[in-house]
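# Examining the three-dimensional arrangement
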Amino acid sequence: MTTIGLIRHGSTLWNKEGRIQGHTDNPLDEEGLEQAAALAERLSAEEWNYIYSSDLLRARQTAEIIAARLGLPVAGWVPEIREMDGGLLEGTTEQELIERWGKDWRTLELGLEKNESGRLRGSRAIEEIAQRHPGEHVLVVSHGAILRSSLSGLVPELDLSVFLKNTSLTRLVYTGKTWTCELYNCVKHIEN
């Protein structure tokens with residue numbers, strides 16, 4: 001069995017402002033750096049053999065903080081697990097979307113990556129990482145929307161109605177044929 005720990009990156013200023021990030025390459029804010037350090041401390045009490053990350057800055061920074069604490073090199077920057085493309089919505093808030101395109105903006109073609117595309121892209125990338133490291137414990141640092149889409153492909157029965165929180169840990173077990181979710185959206189390392 002292979003264990004995969006899926007991690008959403010730490011917080012950014014745009015997260016706090018409610019702006020759609022997509023492929024925009026934003027850094028972690030101060031809280032995001034602290035969240036990543038808290039998660040790294042938590043993970044240091046567990047067994048992890050490898051760490052991979054999206055190639056976007058906010059995920060890379062999160063992965064580097066964790067890797068340094070665990071004494072692991074980052075095994076690879078994986079463009080296939082970067083956040084879903086936000087198209088023309090990137091950089092906007094919900095209010096700005098309504099002002100620009102009206103209340104029915106969701107019905108417009110604004111260049112958003114389709115959920116099916118994200119599901120296929122992300123689940124394939126995670127499965128390839130798992131197959132590369134059979135029997136190992138592997139961390140994968142990525143982004144909220146692509147992780148939810150990927151999970152819908154890997155564990156279709158999983159209830160994904162709760163959005164992934166910054167630096168949440170979701171733990172999957174892969175048998176080589178099937179995926180199960182042991183832990184979803186856990187942030188005990190940052191809860192007071």
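These notes cover the structure that comes with them. Here, residues in each chain are numbered from 1, in the same order as that chain's written sequence. Local features in a predicted model are, by the rule used here, given only for residues with pLDDT of at least 70; side-chain atom pairs are given and counted only at 80 or more, and totals for whole chains, interfaces and linings are based on all residues. Values shown for side chains rest on all heavy atoms present in the structure; no hydrogens or waters enter the calculation.

A pair is scored as a salt bridge if a Lys or Arg side-chain nitrogen falls within 4 Å of a carboxyl oxygen belonging to Asp or Glu. With the rule as written, the count across this model stands at twelve salt bridges. The salt bridge partner of K16 is D29, with a shortest N-O separation of 2.5 Å. Of this pair, K16 sits in helix 1 (residues 13-17) while D29 sits in the loop between helix 1 and helix 2 (30-43), placing them 13 residues apart in sequence. Residue classification places D29 among the buried residues on the basis of a relative accessible area of 16%. Measuring nitrogen to oxygen at the nearest pair gives 2.8 Å for the salt bridge that ties E41 to R69. Here E41, found in helix 2, pairs with R69, found in helix 3 (residues 57-70); they are 28 residues apart in sequence, far enough to count as distant. Residue classification places E41 among the partly exposed positions, given a relative accessible area of 44%. Via salt bridges that share partners, K16, D29 and E31 belong to a single interconnected network. Each helix corresponds to a stretch of at least 4 residues labelled H or I by DSSP, and each strand to a stretch of at least 2 residues labelled E; elements are numbered beginning at the N terminus. Under the scheme applied here, a residue whose accessible area is under 20% of the maximum for its type counts as buried, over 50% as exposed, and between as partly exposed, the area being computed with a 1.4 Å probe on protein chains only.

The next point concerns the state of the cysteines. The disulfide criterion used throughout: a pair of cysteine sulfur atoms within 2.5 Å. Following the criterion strictly, the structure yields zero disulfides and no others. Note on C181: no disulfide assigned, nearest cysteine sulfur contributed by C186 at a separation of 11 Å. On the basis of relative accessibility, which here comes to 25%, the residue C181 falls in the partly exposed class. The exposure class of C186 is buried, given its relative accessible area of 14%.

Take the packing of aromatic side chains next. Pairs were defined over the aromatic rings of Phe, Tyr and Trp, the Trp ring being its six-membered one, requiring ring centres within 6.5 Å. Orientation was assigned from the angle between planes: stacked under 30 degrees, edge-to-face over 60, tilted for the rest. Counted according to the given criterion, the structure contains one aromatic pair. Pairing Y174 with W179 gives two aromatic rings, centres 4.3 Å apart and planes at 25°, and the pair type is stacked. The class of Y174 is buried, set by a relative accessible area of 4%.

Another aspect to go through is the sheet that holds strand 1 (residues 2-8). In spatial order, the strands read 3-2-4-1-5-6; together these six strands make up an open sheet with mixed pairing. One side of each edge strand has no neighbouring strand; the edge strands of this open sheet are strand 3 (76-77) and strand 6 (179-186). Here, strands pair whenever DSSP counts at least two bridges between them. Alignment of strand 2 (residues 50-53) against strand 3, held across two bridges, turns out to be parallel. Residue pairing across strands places S53 opposite W77, the latter belonging to strand 3.

This part is about the packing of helix 5 (residues 115-132) against helix 6 (residues 144-154). Between the N-to-C directions of two axes lies an angle of 0 to 180 degrees, each axis being a line fitted to C-alpha atoms and, for a helix, fitted only over the stretch in contact. Where helix 5 contacts helix 6, the two axes come as close as 7 Å, and the packing angle between them is 75°. Put simply, helix 5 runs roughly perpendicular to helix 6. Where helix 5 abuts helix 6, its residues N115, G118, R119, R121, G122, S123, I126 and E127 lie against I146, L147, S149, S150, S152, G153 and L154. When its residues are assigned to classes, the contact of helix 5 with helix 6 shows four nonpolar, eight polar and three charged. Orientation is classified from the angle alone, with under 35 degrees giving roughly parallel, over 145 giving roughly antiparallel, 65 to 115 giving roughly perpendicular, and any other angle giving oblique. Contacts between residues were defined by any pair of non-hydrogen atoms, one from each residue, lying within 4.5 Å. Only Asp, Glu, Lys and Arg are considered charged in this grouping, and only Ala, Val, Leu, Ile, Met, Phe, Trp, Tyr, Cys and Pro are considered nonpolar; every other residue, Gly among them, is considered polar.

These figures come from the coordinates and say nothing about function on their own.
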